[in-house]
2 protein chains.
Amino acid sequence: MVSNSFDQQSSIAPRAQQVVTIHDVAREAGVTIGTVSKALNGQGKLRPETRERVRAAAARLGFRPNEHAQNLMRGRSFTVGLITTDSYGRFSIPLMLGIEDTLGPAQISVFLCDARDDPAREQQHIESLLAKRVDGIIVTGRRIDPRPPIDIGNAGIPVLYAYTQTTDSGALCLLPDDEQGGRIAIEHLLRLGRRHIAHITGPLRFESVRLREKGMRTVLAEYGLPYVEQRVFSGPWQERWGYEAVSLLLERKTPFDAIFCGSDQLARGVADALRERGVRVPDDVALVGFDNWEIIAAATRPPLTTVDMNMHTLGQLAGERLLAMMNGEREMGVRRIPCSLVIRDSCGARLQGEGAGERVS
Amino acid sequence: MVSNSFDQQSSIAPRAQQVVTIHDVAREAGVTIGTVSKALNGQGKLRPETRERVRAAAARLGFRPNEHAQNLMRGRSFTVGLITTDSYGRFSIPLMLGIEDTLGPAQISVFLCDARDDPAREQQHIESLLAKRVDGIIVTGRRIDPRPPIDIGNAGIPVLYAYTQTTDSGALCLLPDDEQGGRIAIEHLLRLGRRHIAHITGPLRFESVRLREKGMRTVLAEYGLPYVEQRVFSGPWQERWGYEAVSLLLERKTPFDAIFCGSDQLARGVADALRERGVRVPDDVALVGFDNWEIIAAATRPPLTTVDMNMHTLGQLAGERLLAMMNGEREMGVRRIPCSLVIRDSCGARLQGEGAGERVS
């Protein structure tokens, strides 16, 4: 199949400055372009004088062998596609920076494509990446679990999923360790002497919500403390829900001295609602969020202690695994990357002299 | 110069599924790869039987001519680089989506590269994009005005600046019309009957801050109203500054019935501070932000009426102009794209029956 994109594009041809191509060098040296490539790459059998003639021609014309030409010969593009549905870039940009940190030294660039939650657009992006002969694809996006696998036909390139999960059990999925994230939040609160911990979180259809809650349950059980259902509230991923849930929590008349929130946005709504009711954070109630979304966590009054999913590390690992797969290694299943705790003011650790802004893994 | 990246990469060679290359077809048909390309592209002089032999060989091997091969012959990669310094993706993702909307139908993909405010890393990205023979580069990033131009050597590809400005007067810079953005905010407040408008904004070293203020001054003058310096406060781009500036404003004891803020984050701090002092928004004081950053603007109590810089439209225009430049058109100077006003609850228009969520350009 010859892509007809070129017909559409044929009008966009002349450039201000003409690029010297491998064809020009071939013409100048009186050889085929195959010979030019062999000569300039130092590959294949070639008489020394031919090699020299080509090199001289290339130098005369100012030819700069480009990756295009070289990759063509190797069937590689030295690019990797990153497909996302996260239009704000909240999670995909830190992920991309991590991927870049791993692939950059291997001279591989990352194409970020936004599918905008539209399967047709996603497929279009995939086709375009395949046509560009990317060396691999990393799929990320919102964590509405689990998503169908992407369809790359018989392209035979490695694909992995990062911060999203697929129904294809043969695929490799890299995810934050949400259960461990829940654990470290609760352990931290218990170490600070809190015993009556409420939980305000997102919709239960999210596996991340269920796993964070599971982490909470496990730690409480280890400490011989009850998990009090009346102090647990699940609702939409919106700041407003955090704000409203505080009223529901107060109505229950179950005592609480800490709240673990499923996101920083929820925690921010909670902090505002508590302050307006004269409840002091952290003196009366300690607060821990989830995400370490700087723009929200640092602006909350008081600034939020929160669980960081280490998206950058997740991205680095995604890059590493993709390189391994490009190298023929087989990878499958779900791998979880540990979260860290970032300590600010809302948990009270600073009041007790523990380090601020310090990460606890 | 032959990039030595390939030496590093030579270990990553065998793939699960071997891709059929133009070389395989050439071998199969007993011709050079130049002949294969001519045959499959229908270009150049070739005997019909040679063309047919190549086509048959390609079909037999299941060869899928790829863009790599084709672009090599045209000196084009059908990719465009987007260099940013905006690590949160706050502005660059909407910009990228706009660019994609224009370039997508032309089968051109966008490479997003994050320079992370590091000139050395930026230059590395540029070299990598040039080695990949991108068809053009769009530079964006934080608006610390104006930045030095990027150095693409003698690559001869079009470059433009979007949402950032360069010191190179020969370059094309696409920017939001900050002055007009200031105008529409103030005109809206005046139409709602407000007459004593305060302004809480970012650092004066930003041209955007000065232009928005200029828009405010101009409209006030047109209405025969004074510009009261005591009601204008410039400080850091932080929510906390918005919160603190309210105390300063109240101390001045200059009456005010509206506040125009230089960003939504500032406006959010202002809204919290006013509420805590029992000042009602919009009843006592109308509030207008800038950015229409959904995550902040919609979560503010009450939700913010705010100026939208139309980053998506800016991206579309950047894509259009880059295409024109690829087509040989010359573009230079600064072009400004109009802002819109997004009406929510904080200005009081809804109380007066004006459309909510409606855009006013």
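Fair warning: this is a prediction, and the values are worked out from it, not measured in the lab. (Residues numbered from 1 in each chain as written. Chains lettered and ligands numbered in written order. Predicted model: local features only at pLDDT ≥ 70, side-chain atom pairs only at ≥ 80, totals over all residues. Heavy atoms only, no water.)

Lay out the overall build of chain A in plain terms, naming residues and giving numbers.
Along the backbone of chain A there are 13 helices and 13 strands. Here chain A holds 361 residues, and the buried ones make up 60% of them. Look at the contacts in chain A between residues 6 or more apart in sequence, and 68% of them connect residues 24 or more apart. Accessible surface for chain A amounts to roughly 14300 Å². Of this, 50% is attributable to carbon and sulfur atoms. (Helix = DSSP H or I, 4+ residues; strand = E, 2+ residues; numbered from the N terminus. Buried < 20%, exposed > 50% of the residue type's maximum accessible area, 1.4 Å probe, protein only. Contact = heavy atoms within 4.5 Å. Areas by Shrake-Rupley, 256 points an atom, 1.4 Å probe, with all protein chains shown as cover.)

Could you give an account of the packing of aromatic side chains, with specific residues and numbers?
Residue and element names in this part refer to chain A. By the definition in use, this model includes seven aromatic pairs over all chains. Aromatic side chains Phe 91 and Tyr 163 sit 5.0 Å apart centroid to centroid with 40° between the ring planes, which places their arrangement in the tilted category. Here Phe 91 is found in the loop between strand 1 (79-84) and helix 6 (92-103), whereas its partner Tyr 163 is found in the loop between strand 4 (159-162) and strand 5 (172-176), with 72 residues between them in sequence. The exposure classification of Phe 91 matches that of Tyr 163, with both residues buried. Ring geometry for Phe 206 and Trp 237: centres 5.7 Å apart, planes at 75°, overall edge-to-face. Here the residue Phe 206 occupies a position in the loop between strand 6 (197-201) and helix 9 (207-222), and Trp 237 occupies one in the loop between strand 7 (232-234) and helix 10 (239-251), the gap between them amounting to 31 residues. With relative accessibility at 9%, the residue Phe 206 sits in the buried group. Given the relative accessible area of 28%, Trp 237 is considered partly exposed. Above the plane of the ring of Tyr 227 lies Arg 217, whose end atom (NZ or CZ) is 3.9 Å from the centre. (Phe/Tyr/Trp six-rings, centres within 6.5 Å; stacked < 30°, edge-to-face > 60°. Lys NZ or Arg CZ within 6 Å of the ring centre and 35° of its normal.)

How would you sum up the nonpolar core? Please name residues and give values.
Ranked by size, the top nonpolar core spans 106 residues in total, and within it Ile 138 and Leu 160 of chain A together with Ile 138 and Leu 160 of chain B carry the most contacts. One finds Cys 113 and Cys 173 of chain A together with Leu 130 and Cys 173 of chain B within the second-largest nonpolar core, a separate group that totals 36 residues. (Core = buried A, V, L, I, M, F, W, Y, C linked by side-chain atoms within 4.5 Å.)

Describe unusual backbone geometry, listing the residues and the values that go with them.
It is generally the case that most residues other than glycine have a negative phi and that most peptide bonds are trans. All names here are of chain A. In the segment running from Arg 301 into Pro 302, the intervening peptide bond is cis, with an omega of -5°. Note that Pro 302 resides in the loop between helix 12 (294-297) and strand 10 (305-308). Of note in this structure, Arg 133 is not a glycine but carries a positive phi near 55°. When you line up the elements, Arg 133 lands in the loop between helix 7 (119-131) and strand 3 (136-139). Residues other than glycine seldom take positive phi values, yet Asp 291 does so here, at roughly 125°. You can call Asp 291 buried: its relative accessible area is 14%.

Before we move on, can you summarise the side chain of His 125 of chain B with the specific residues and values?
Within the element layout of this structure, His 125 of chain B appears in helix 7 (residues 119-131). By relative accessible area, His 125 of chain B is classed as buried at 14%. Sequence-distant contacts of His 125 of chain B, that is, excluding residues within four places in its chain, are made with Glu 100 of chain A together with Cys 113, Asp 114 and Ala 115 of chain B.

For the sheet that holds strand 5 (residues 172-176) of chain B, give the residues involved together with the corresponding values.
Residue and element names in this part refer to chain B. Pairing is parallel across the open sheet formed by six strands, whose spatial order is 2-1-3-4-5-11. Of all strands in the sheet, those bounded by a partner on one side alone are strand 2 (109-114) and strand 11 (333-337). Put simply, the sheet's adjacent strands are angled 20° from each other on average, direction ignored. Across five bridges, strand 5 lies against strand 11 in parallel orientation. Bridge assignment links Leu 174 to a residue of strand 11, and that residue is Arg 335. The strands touched by helix 7 are strand 1 (79-84), strand 2 and strand 3 (136-139); relative to strand 2, the strand with the most contacts, the crossing angle is about 155°. (Pairing = 2+ DSSP bridges. Axes fitted to C-alpha atoms, helices over the stretch in contact; angles between N-to-C directions.)

Please set out the packing of helix 6 of chain A against helix 13 (residues 311-326) of chain A residue by residue, giving values where relevant.
All names here are of chain A. Interhelical geometry of helix 6 versus helix 13 gives an angle of 45° and a closest axis separation of 6 Å. One way to sum up the angle between helix 6 and helix 13 is to call them oblique. Judged by the sense of rotation from one axis to the other, the crossing of helix 6 with helix 13 is right-handed. Counted together, Pro 94, Leu 95, Leu 97, Gly 98, Ile 99, Asp 101, Thr 102 and Leu 103 of helix 6 and Met 311, His 312, Leu 314, Gly 315, Gln 316, Ala 318, Gly 319, Glu 320 and Leu 323 of helix 13 form the full contact between these two elements. Class assignment of the residues belonging to the contact of helix 6 with helix 13 gives a composition of nine nonpolar, six polar and two charged. (Parallel < 35°, antiparallel > 145°, perpendicular 65-115°, else oblique. Left-handed = near helix turned anticlockwise from the far one by under 90°. Nonpolar A, V, L, I, M, F, W, Y, C, P; charged D, E, K, R; others polar.)

Tell me about the pattern of salt bridges, and name the residues and values.
Scanning the entire structure with this criterion turns up 53 salt bridges over all chains. Its salt-bridge partner being Asp 178 of chain A, residue Arg 336 of chain A comes within 3.6 Å of it at the nearest N-O pair. You can see Arg 336 of chain A sitting in strand 11 (residues 333-337) and its partner Asp 178 of chain A sitting in helix 8 (residues 178-191), a full 158 residues away along the chain. Judged by its relative accessible area of 29%, Arg 336 of chain A is partly exposed. A residue is classified by how much of its surface remains accessible, and Asp 178 of chain A, at 0% relative accessible area, is buried. In this structure, the salt-bridge partner of Arg 27 of chain B is Asp 24 of chain B, at a minimum N-O distance of 3.3 Å. You can see Arg 27 of chain B and its partner Asp 24 of chain B sitting in helix 2 (residues 22-29), three residues apart, about one turn around the helix. (Salt bridge = Lys/Arg side-chain N within 4 Å of Asp/Glu carboxyl O.)

Tell me about helix 9 (residues 207-222) of chain B, and name the residues and values.
All names here are of chain B. Helix length check: helix 9 (16 residues) gives 22 Å between terminal C-alpha atoms against 22 Å at 1.5 Å per residue, within 8%. Within helix 9 the residues assigned to the buried category are Glu 207, Ser 208, Val 209, Leu 211, Arg 212, Glu 213, Gly 215, Met 216, Val 219 and Leu 220. Lining the buried residues of helix 9 we find helix 8 (178-191), strand 6 (197-201), strand 7 (232-234), strand 8 (258-261), strand 9 (286-290) and strand 11. (Expected span 1.5 Å × (residues − 1).)

Go over helix 4 (residues 48-61) of chain B, please, and point to the residues and values.
All names here are of chain B. With 14 residues, helix 4 should cover 20 Å at 1.5 Å per step; its first-to-last C-alpha distance of 20 Å lies within 8% of that length. Where helix 4 is concerned, the buried positions are Thr 50, Arg 51, Val 54, Ala 57 and Ala 58. One side of helix 4 holds all its buried residues, which, seen down the axis, span an arc of 130°. Facing away from the buried side of helix 4 by over 90 degrees, the exposed positions are Pro 48, Ala 59 and Arg 60. (Arc of directions from axis to C-beta.)

Can you tell me about the environment of Pro 282 of chain B, naming the residues and giving the values?
All names here are of chain B. Examined against the element boundaries, Pro 282 turns out to sit in the loop between helix 11 (264-276) and strand 9. Distance in space between the C-alpha atoms of Pro 282 and Arg 116 is 39 Å, their sequence separation being 166 residues. Apart from residues no more than four positions distant in its own chain, Pro 282 is found in contact with Arg 194, Asp 345, Ser 346, Cys 347, Gly 348 and Leu 351.

Quick rundown of the sheet that holds strand 3 of chain A? Include the residues and the values.
Residue and element names in this part refer to chain A. If you trace the six strands from one edge of the open sheet to the other, you get 2-1-3-4-5-11, paired in parallel fashion. Here the strands that pair on one side only, and so sit at the sheet edges, are strand 2 (109-114) and strand 11. Across the sheet, the mean angle from the axis of one strand to that of its neighbour is 20°, orientation sign disregarded. Direction of pairing for strand 4 relative to strand 5: parallel, over a ladder of three bridges. When the bridges of strand 5 are listed, Tyr 161 appears paired with Cys 173.

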